[in-house]
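# Analysis of the macromolecular model
Residue-level listing of the chains:
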Amino acid sequence: MQDDTEDLYGEELEAFLIWMKDAGYTHYTQKSYLSDVHEFLESLKGKSLSSVKKFHVVSFLSAVRERGVSDSTRNRKHASVNCFFKALIELELYADNPAAGIKKSKMDKNRAPVFLDEVDLSRFLQSVDGKHRLRNMAVFLLMSYMGLRVGEVHALNLADFNPERKLLSVYGKGRKWRSIPVPEAVKEVLQQAITDRLKPWRAKETAMFISQKGRRLSIRCIQQIAADTFDRFQHEVPQDRRAAYSSHKLRHSFATMLLRKGADLRTVQELLGHSSIQTTTIYTHITSREKEEAVGRLEIHIPSQK
């Protein structure tokens, strides 16, 4: 079916890819958006793009939801299709965007992010194992104590780290750079990981982290290393009681720790690279323990019964 899709919509797909490259989308985003658009085009069953209406996009998104995917995945697929038609319009290959104006799925805004507290984070780092332990430890420290996204760790180059000034330059979402202070303990591990860096396949490879195959450590590989480490971390916990940890939860942990230690919201926003402070507010969640401690500080005076 994918071959048929390429035959029917090859020019549009190629145009979309060119548009994303020119707009500076990361390779990971290009791959994700193309996959979603392929799925949408296959759902059209050979229908010409000129005859596609909003109904067809909504029908596709409804079918996606019925498969049981999360609201965030459904919204990403909508964003991919919307971006596809936007690209075709800008490149003057198409006149209308049938994906525009479709409402996003409502997310559960009151659900607190999954995170590790400092004790659990220490235990997690003790679970880092294997012959590439030092490299993987550096990767996890960058996410859990400096708040980097997986894609940002993947994109790091050797020149981005300034050990003298203890600064790391990070290329994040929206093609924006931010400078993050490197804690002394993280600096030591990072320097050692760079010293023991695997030999790259290409002599001029500038990636900070190298895979066993001698290439830049991929996003998928980082996610898998994290998944394996979380499995070891929770190996004594029954399967049905395990927390839904992932590599991104380390970033959640960083933000939560900062706020609990009194960092203001604007500073956390800058460190995380959020374009809007509203995104940062999801980390201001309060645990049951903190609620109990707060209530416990109340002085309650009940008059005696006469």
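Residues numbered from 1 in each chain as written. Predicted model: local features only at pLDDT ≥ 70, side-chain atom pairs only at ≥ 80, totals over all residues. Heavy atoms only, no water.

The pairing of strands in a sheet happens through backbone hydrogen bonds and is either parallel or antiparallel. Across the sheet, which stays open at both edges, the 3 strands sit in the order E1-E2-E3 with antiparallel pairing between neighbours. With one partner strand each, in any of the chains shown, strand E1 (161-162) and strand E3 (177-181) form the two edges of the open sheet. Note: strand E2 (residues 167-171) against E3, 5 bridges, orientation antiparallel. Directly across from Tyr171, in E3, lies its bridge partner Trp177. (Pairing = 2+ DSSP bridges. Helix = DSSP H or I, 4+ residues; strand = E, 2+ residues; numbered from the N terminus.)

Attention now moves to the nonpolar core. In terms of nonpolar packing, the biggest core is built from 44 residues, with Phe124, Phe140, Leu142, Leu148, Leu168 and Phe209 touching the most fellow members. Of all the secondary structure elements, the ones that give two or more residues to this core are helix H5 (118-126), helix H6 (133-144), helix H7 (150-155), E2, helix H8 (184-195), helix H9 (219-233), helix H10 (248-260) and helix H11 (265-272). Not counting residues up to four positions away in its chain, the partners in contact with Phe209 are Arg135, Ala138, Val139, Leu142, Val153, Leu156, Leu190, Arg215, Arg216 and Leu217. If you look at the next biggest cluster of nonpolar residues, it comprises 27 residues, including Leu41, Val52, Val81 and Cys83. (Core = buried A, V, L, I, M, F, W, Y, C linked by side-chain atoms within 4.5 Å. Buried < 20%, exposed > 50% of the residue type's maximum accessible area, 1.4 Å probe, protein only. Contact = heavy atoms within 4.5 Å.)

Note that Val237 resides in the loop between H9 and H10. Of the residues examined, Val237 reaches a relative accessible area of 30% and is grouped as partly exposed. It is 19 Å that separates the C-alpha atoms of Val237 and Ser247, two residues lying 10 residues apart in sequence.

This part is about the packing of aromatic side chains. Tallied over the entire structure, the rule returns 11 aromatic pairs. Taking the centre distance of 5.4 Å and the plane angle of 40° together, the rings of Phe85 and Tyr94 count as tilted. For Phe85, a relative accessible area of 0% corresponds to the buried category. For Tyr94, a relative accessible area of 15% gives the class buried. One aromatic cluster in this structure is built from Phe16, Trp19, Phe40, Phe60, Phe84, Phe85 and Tyr94. Directly above the aromatic system of Trp201 lies the positively charged group of Arg215, at a separation of 6.0 Å from the ring centroid. (Phe/Tyr/Trp six-rings, centres within 6.5 Å; stacked < 30°, edge-to-face > 60°. Lys NZ or Arg CZ within 6 Å of the ring centre and 35° of its normal.)

With that settled, the discussion passes to the pairing of E2. Here E2 shows one buried face, formed by Leu168 and Val170, and one open face, formed by Leu167, Ser169 and Tyr171. Relative to E2, E1 runs antiparallel, the two sharing 2 bridges. Looking at the pairing, Asn162 lines up with Leu167 of E2. Where E1 folds back on E2, the antiparallel hairpin that results is connected by 4 residues, among which Lys166 adopts a positive phi of roughly 55°. Here E2 hands over to E3 after 5 residues, with Gly174 in that stretch at a positive phi of 70°.

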